[in-house]
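Chain and residue survey
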Amino acid sequence: MLRFIFRRLLSLLPVLFVVSVVIFSLIHLTPGDPARAILGQNATNEQVAALRESMGLDRPLVEQYLGWVGGVLTGDFGDSYFLRKSVTEAIGDNAVPTIQLAVIAIIVAIVLSVPFGTLAARFRGGRLDRSVMGFTLIGMTVPSFVLALALMVVFGLMLRWLPISGYVNPFEDFAGGIRTLIMPGIALGAITAALITRTTRAAVLDVLNADYIDAARSRGVAEGRLLFSHTLKNASLPVLTIIGLSLGGLVTGAAVTETIFNIPGLGQLLVTSIARRDYPVIQGVILFVTLIYLLTNLLIDLLYGIVDPRVRVGKA
Amino acid sequence: MAPNSPATTNTAAPSTTVLAMQPVAARDSLWRRMLGNTGLMTGIVVVLVIFVVSYVLPPLLHLDPYAVDPANRLAPPSAAHPFGTDNFGRDLFARIVSGASTSLLVGFVVALVSGVLGAIIGIAAVFNSVLDQVLMRICDGLMAIPAILLAVALTAALGPSVTNLVIALTIVYTPGIARLVRSRALAVTSETFVTASTMQGAGMLHLMWRHILPNTLSVLVVQSTFTFAESVITEAAMSFLGAGVPAPQASWGNILYDGKSVLMQAPQMILITSGFLIVTVLALNLIGDGLRDLVDQRSRSLVGKPGVFARMAAVVTPGRFRQEVKR
Amino acid sequence: MTGESTAPLRFEELTLDIDTPQGTVHAVRGVTLELQRGEILAIVGESGSGKTLTARAALGLLPPRTRTGGRVLLGGADVLQAAPEALRSIRGGEAAMIFQEPSTALNPVFPIGWQLEEGLRAHGVTEPAERRRRTVEMLRAVGIPDPERRLGDYPHQFSGGQKQRIVIAMALALRPSVIIADEPTTALDVTVQAEILDLLRECRDDFGASIVLITHNMGVVADIADRVAVMYRGELVEVAPVDELFRSPREAYTRQLLAAVPRLGGGREEPDASPASAPTGASDSTTSTAVSAAPAAPAPAVLLDGVDIEYRSGFGTKPVRAVRGVSLQIARGEVVGLVGESGSGKSTIGRAIGGLETVAAGRLEVLGAELRGLPRRRLRELRRRIGFVFQDPAASFNSFMTIEDCVIEPMRIHRVPGGRSAHRARAAELLDAVELPGSYARRYPFELSGGQRQRVGLARALALDPELVIADEPTSALDVSVQARVLDIFTSLQRELGFAALFISHDLAVVELLADRVGVLQGGELVELGATEQVLHAPQHPYTQQLIAAVPVPDPEVQRLRRRAEDPGHPLLDAEAIA
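Position numbers for residues start from 1 in each chain and track the written sequence from start to end. To label them, take the chains in the order written and letter them from A, then take the ligands in the order written and number them from 1. Local features are withheld for residues below a pLDDT of 70 in this predicted model, meaning they are given only at 70 or higher, and side-chain atom pairs are given and counted only at 80 or more; totals for whole chains, interfaces and linings count all residues. Derived side-chain values reflect all non-hydrogen atoms in the structure, with water molecules and hydrogen atoms excluded from consideration.

Naming follows an unreviewed UniProt entry, where chain B appears as Peptide ABC transporter permease of Agromyces mediolanus. UniProt, in its Subcellular location (unreviewed entry) section for chain B, records the words "Cell membrane". UniProt positions are given in the numbering used here, feature names are shortened, and annotations may be inferred rather than shown by experiment.

Right under this line is the structure:
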């Protein structure tokens, strides 16, 4: 098992390399000079040159890249141009709401999708199946920001049940926190829920078609037990995969949702930083989010090994 | 001996008897199979209508999405402005129609370009293991970065314009398609007919062109359709964040961006625009789902009753389609 | 209640109609059949005969959209009308099922002990200790060594034969009076098959179960069945005691079916003037050096000298040696058969000759060219002179190409002069040679039956007049009558065109039909090589002897004698060993 983890970690290295190069080159793709962009058109050439030097922009590219990566490896993502704090601090301040939002969204998604997906597969072609599939199609179609706006109008402005913006940390005020996070969580989780429902349905259908289900049925195992004890464990493998992959979509959606609901999370930080070309923050946030994404998927790979004995005992 | 009702305890065991004994289906033409798939046809009709409307109506009705009328801001729907006006007094109908062409154009070009690039990368990767390693690591890296973040960052770096938006979205969506094509191509390469062709002395180009490409095309087309839908959404989301299509130009995302601040005064801005967006994306998803059903051998036998389009076709040309409707 | 009959299982006018989009399939039509207490009833028939559906109906396991007619009486109750609860207690309790493919009949993500206990739990054995005790007992009964320790193991940790034993243990768990065995040995090697058949016999003798055995293998029928029911296209053709059926089949279809079965020891039907018609002296030579019989001939078609072939499953893993030190020659115009069980390396050798595997050590010459280090271009040229026929006729054609395109493909690859019209004429000629109507040229592969497809495969292999044909299990996916036809065509074309051939098969009887010489592979080593007659009738190597002994002869009397001659106490787990 340890060797397995080590090998998986090792395989992340090339991916991280590519990610770091892409993120790093974002700055250097910029037409025009970041220093000029920061200082504005009225700055003198001397001021720009001074800033360039202090930002290290005058050094060769490879050197700049290595310096940046070296910093990142020691936890130093550089300093924000605007925020008067280090990127690490900025990420730390903004990560908590985003992670809470993502967790709520994924919980909403799983709670909705796994039972409905399973039942849709069990009663394939029936009325339940059709309506579930119809809902998933809508869920995949309605963009999260449209859903967010709709929720906001209905529950926030018309019914006045929930606050339409702001953020309260649920660890400090649980009820208040949930009240502020539940709408964005649903808006964010809807697409993921649709995706997982479809995957669950397909996976369960696949397993229900397998010989071993027929074999169990031929031994008199009841249909309900067949579905929940014999099928779900096999079907959980593709579902786990899709959950891991959809985490990327969640973070993406968070950028939009946070902006709408005015939640001080990473998404909002990123959007504002892009607007004011705060490159160190942009780089840091994207790298941090990508890292989280890769690590969660690594975790899911390990879960895979727990669910499927062939991965665990097989050729390591 | 009255036949009993259909068995309640079904098993899904594939029966060779059924396969061997079922009457050989007349080889339905692609066109007929498409007609039989109501979802697919609905999607195609909707997308075509929006496409045609967005290109034909503006010159026909002299619609101008940029004509500002400050006196008439946020007007409710009226005879002069069927959808009302926006916060600069521009005609919302003109803007939505013109936005449709922007959104569809962006989506279509992204789907086309990333489809072609993805196919080339995916198939090339299968034939050279070193190339495969390099290309797939790059794809993994790009895919690890959440889509909108990458697209937003790329357009920010490249500068805001529709072309740069298309480039950014292509960079975001190509790796996924390439990976999919590669895995499909890899599966095809291990098929016996490819071995058979190799054993006959076939070269690499022959294998790629005659065997691998036709067999990956179906997956490619389906995925490109979904990419089309996703690009439309992503474009809207980016413009909504103010990081997509630059301001005066109309796109659905831009209109939503404008409408966000006047949500209470002019809800029709958001309502109508997102309606169009949802219908379009829904239609594209229906096309994708329909194409997948069309391609998937397993689900082919499940296409049961002829849908509304097949029935319509049967009314128009009774001779050709009668049999299908009878089933 | 029927009253008059005490038969544990009785089909009365069973009719199964299955609705498909293409119309209703009358899959089983009015089958009346009775399984007597303590007997093994074989249902035989080719694919599509409805034998599996009939047997599955005994457990109410029917495909979706099936309409049923008639009755299936299991212990007096009608399974087709049973309520779900009653059906559950019948399944496993009254009747149990053994499946064709043991590796898919076991759930890969649960330990086998849990899966075995499921059946007991479903039938009200609530006490965990009791369940465990009975599980261990069943595993021991079917010959799984050290069952206490292996309860927690997962299916993939067992060999194919062991998995089938576990499936049998599950079937036996509640001591059902009826066992339905659906092709229980088809997926297994012959030596393992013999053990499983012995175990089935024990199920009857020691557990008192009556068995319905579904099979297409007449050898298995002769070995184990008491009575035989023959089905054809959904109808019951004939039911008779096994001796009677083999000795004097009543129906024409049964006779036809039996005639198509290749028999080990049946020998080759030699044409009258074989030595004269054969292009080289291959067919009359019984010595292993066929080359010397034709001194004027050029280099042999294939020459393997101490060949090793290794597989590397992944980067940095230890290579697995699939073939070890094999030396073999195929003379021009000679047919050499290669037999062995799965994993013996027989297909690997075929692939290596086609240049698909690289040789790790030794010499491999094909048509005079050394394959090691042969430039890619030369290899492609060489492949022009080699034809290949594959095992799975369904997978060996690109479904986007018509039959004609498939046959023409080799001509296009090698830019055979004459253009499209000449190619098409040649394709028509080839389809004619494999006895397919010219109208098939425009069809797609999936519109043909398995046997027809395999004939197209043969036509494609012969498109460029190859000097060597490699056939890798070309008939093992086909029904016997279809197989007989394909083999006939192969033999006559080989005589006519005089190509050398390597015929790879696991079926000794098939190899005997057409090979001049036979090589026997075991674990990657060639343990015996010689004239077909000699190897199959006077085998020298113990493995060959074991292999031949394990093949059941499709003749109940002979098979009974052979069985008696065997050591009665021979250890069942011999070849399986402890994994």
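That covers the picture; the talk isn't over yet.
1. As for the overall build of chain B
Across its full length, chain B carries 14 helices and zero strands. Segments assigned H or I by DSSP are reported as helices when at least four residues long, segments assigned E as strands when at least two residues long, and all are numbered from the N terminus. In chain B, the succession of helices and strands from N to C terminus is α-α-α-α-α-α-α-α-α-α-α-α-α-α. With a 1.4 Å probe rolled over the protein chains alone, any residue whose accessible area is under 20% of its type maximum counts as buried; one over 50% counts as exposed, and the rest are partly exposed. The buried share of chain B, taken over its 327 residues, is 54%. In what follows, residue pairs with any heavy atoms lying within 4.5 Å of each other are defined as contacts. Nonlocal contacts in chain B, meaning residues at least 24 apart in sequence, comprise 68% of its contacts between residues at least 6 apart. The Shrake-Rupley method, run with a 1.4 Å probe, gives the accessible areas here. Residue values count only the displayed protein chains as cover. Working note: accessible area of chain B is about 14200 Å², and carbon and sulfur atoms make up 69% of it.

2. Concerning the sheet that holds strand 6 (residues 95–98) of chain C
Within a beta sheet, neighbouring strands are joined by backbone hydrogen bonds and run either parallel or antiparallel to one another. All names here are of chain C. Read from one edge to the other, the open sheet built from six strands follows the order 6-7-8-3-9-10, with strand pairing classed as mixed. Looking at strand neighbours, the two that pair on one side only are strand 6 and strand 10 (235–241), the edges of this open sheet. Across the sheet, the mean angle separating the axes of adjacent strands is 20° when strand polarity is ignored. Between any two strands, at least two bridges found by DSSP are needed for them to pair. With five bridges connecting them, strand 3 (residues 40–44) and strand 8 (residues 210–215) associate as parallel partners. From the neighbouring strand, Ile40 faces strand 8, where its bridge partner is Ile211. Sitting on the sheet, helix 7 (residues 160–172) touches strand 6 and strand 7 (178–182), and the angle it makes with strand 6 is about 175°. Only the stretch in contact is used when fitting a helix axis, every axis being a line fitted to C-alpha atoms; angles between N-to-C directions are given from 0 to 180 degrees.

3. Structural notes on the environment of Arg247(C)
Residues and elements named next belong to chain C. With respect to the secondary-structure elements, Arg247 resides in helix 10 (residues 242–247). Among the residues examined, Arg247 registers a relative accessible area of 58% and is labelled exposed. The spacing of Arg247 and Phe11 is 236 residues in sequence and 26 Å in space, taken between C-alpha atoms.

4. Brief notes about helix 7 (residues 144–158) of chain A
In this scheme, a helix's expected span is set at 1.5 Å multiplied by one less than its residue total. In this model, helix 7 of chain A (15 residues) spans 20 Å end to end at C-alpha, consistent with the 21 Å of a helix rising 1.5 Å per residue. Of the residues making up helix 7 of chain A, those classed as buried are Ser144(A), Phe145(A), Val146(A), Ala148(A), Leu149(A), Leu151(A), Met152(A) and Gly156(A). Looking at the buried residues of helix 7 of chain A, the elements they touch are helix 8 (174–208) and helix 10 (223–261) of chain A together with helix 9 (204–240), helix 10 (252–260) and helix 11 (267–295) of chain B.

5. Notes on the nonpolar core
The nonpolar core is taken to be a set of buried Ala, Val, Leu, Ile, Met, Phe, Trp, Tyr and Cys residues, with the residues joined through side-chain atoms within 4.5 Å. Counting 131 residues, the largest nonpolar core has Phe145(A), Val256(A), Ile260(A), Val285(A), Ile286(A), Leu169(B) and Leu277(B) as the members making the most contacts within it. When neighbours within four sequence positions are excluded, Ile260(A) is seen to be in contact with Phe145(A), Ala148(A), Leu149(A), Met152(A) and Phe240(B). Counting 75 residues, the second largest nonpolar core, distinct from the first, contains Leu74(C), Leu87(C), Leu139(C) and Val212(C).

6. Brief notes about the UniProt feature "transmembrane region" (unreviewed entry) in chain B
Residues and elements named next belong to chain B. Per the UniProt record, "transmembrane region" (unreviewed entry) is annotated on residues 35–57, 104–127 and 269–288. For residues 35–57, helix accounts for 96% and strand for 0%, while the C-alpha atoms at its two ends are 28 Å apart. Between the end C-alpha atoms of residues 104–127 there is a gap of 35 Å, over a span that is 100% helix and 0% strand.

7. Details of helix 5 (residues 129–144) of chain B
Residues and elements named next belong to chain B. Look at helix 5: 22 Å from first C-alpha to last across 16 residues, which is about the 22 Å you get at 1.5 Å a residue. Along helix 5, the residues that are buried comprise Asp132, Met136, Cys139, Asp140, Gly141, Leu142 and Ala144. Here a polar contact is taken to be a pair of N or O atoms separated by no more than 3.5 Å, where protein atoms must pair a possible hydrogen donor with a possible acceptor and residues adjacent in sequence count only if both atoms sit in side chains. At the N-terminal end of helix 5, a side-chain oxygen is found 2.9 Å from the backbone nitrogen of Val130, two or three residues along, and the residue is Asn128.

8. Brief notes about the interface of chain A and chain C
Opposite the 22 residues of chain A that make contact, chain C presents 27 residues. Buried surface area refers to the total accessible area, computed with a probe of radius 1.4 Å, that the two partners give up upon joining, counted for both partners together. Carbon and sulfur atoms make up 58% of the surface buried where chain A meets chain C, a total of about 2200 Å² over both sides. Of all residues in chain A, Tyr212(A), Ser218(A) and Arg219(A) give up the largest surface area on contact with chain C, accounting jointly for 28% of the area buried on that side. Whenever Lys or Arg places a side-chain nitrogen within 4 Å of a carboxyl oxygen from Asp or Glu, that contact is recorded as a salt bridge. At the boundary of chain A and chain C, one finds two salt bridges. Here chain A and chain C share 13 residue pairs in polar contact (both at pLDDT 80 or more) between them.

9. Topic: the UniProt feature "domain: ABC transmembrane type-1" (unreviewed entry) in chain B
In this structure's numbering, the residues bearing the UniProt feature "domain: ABC transmembrane type-1" (unreviewed entry) are residues 100–288 of chain B. Across residues 100–288 of chain B, helical content stands at 85% and strand content at 0%; the span's end C-alpha atoms are separated by 20 Å.

10. Quick word on the layout of surface pockets
Cavity means a closed set of points on a 1 Å grid over the protein atoms alone, one where a 1.4 Å probe fits but cannot get out, pocket means an open set with protein on both sides within 12 Å along at least 5 of 7 lines, and lining means a residue has an atom within 4 Å of a point. Grid points are joined across faces, edges and corners, and a volume is the space filled by probe spheres set on the points. Its boundaries defined by the atoms lining it, the second largest pocket holds a volume of some 910 Å³. The set of elements that each furnish at least two residues to the lining of the second largest pocket consists of helix 4 (92–127), helix 8 (192–199) and helix 9 of chain B together with helix 14 (346–353) and helix 15 (376–383) of chain C. Per-element tally for the lining of the second largest pocket: the top contributor is helix 15 of chain C, with four residues. For the lining of the second largest pocket, a count of residues per class yields 12 nonpolar, seven polar and six charged. Each residue receives one of three labels: charged for Asp, Glu, Lys and Arg, nonpolar for Ala, Val, Leu, Ile, Met, Phe, Trp, Tyr, Cys and Pro, and polar for the others, Gly being one of them.

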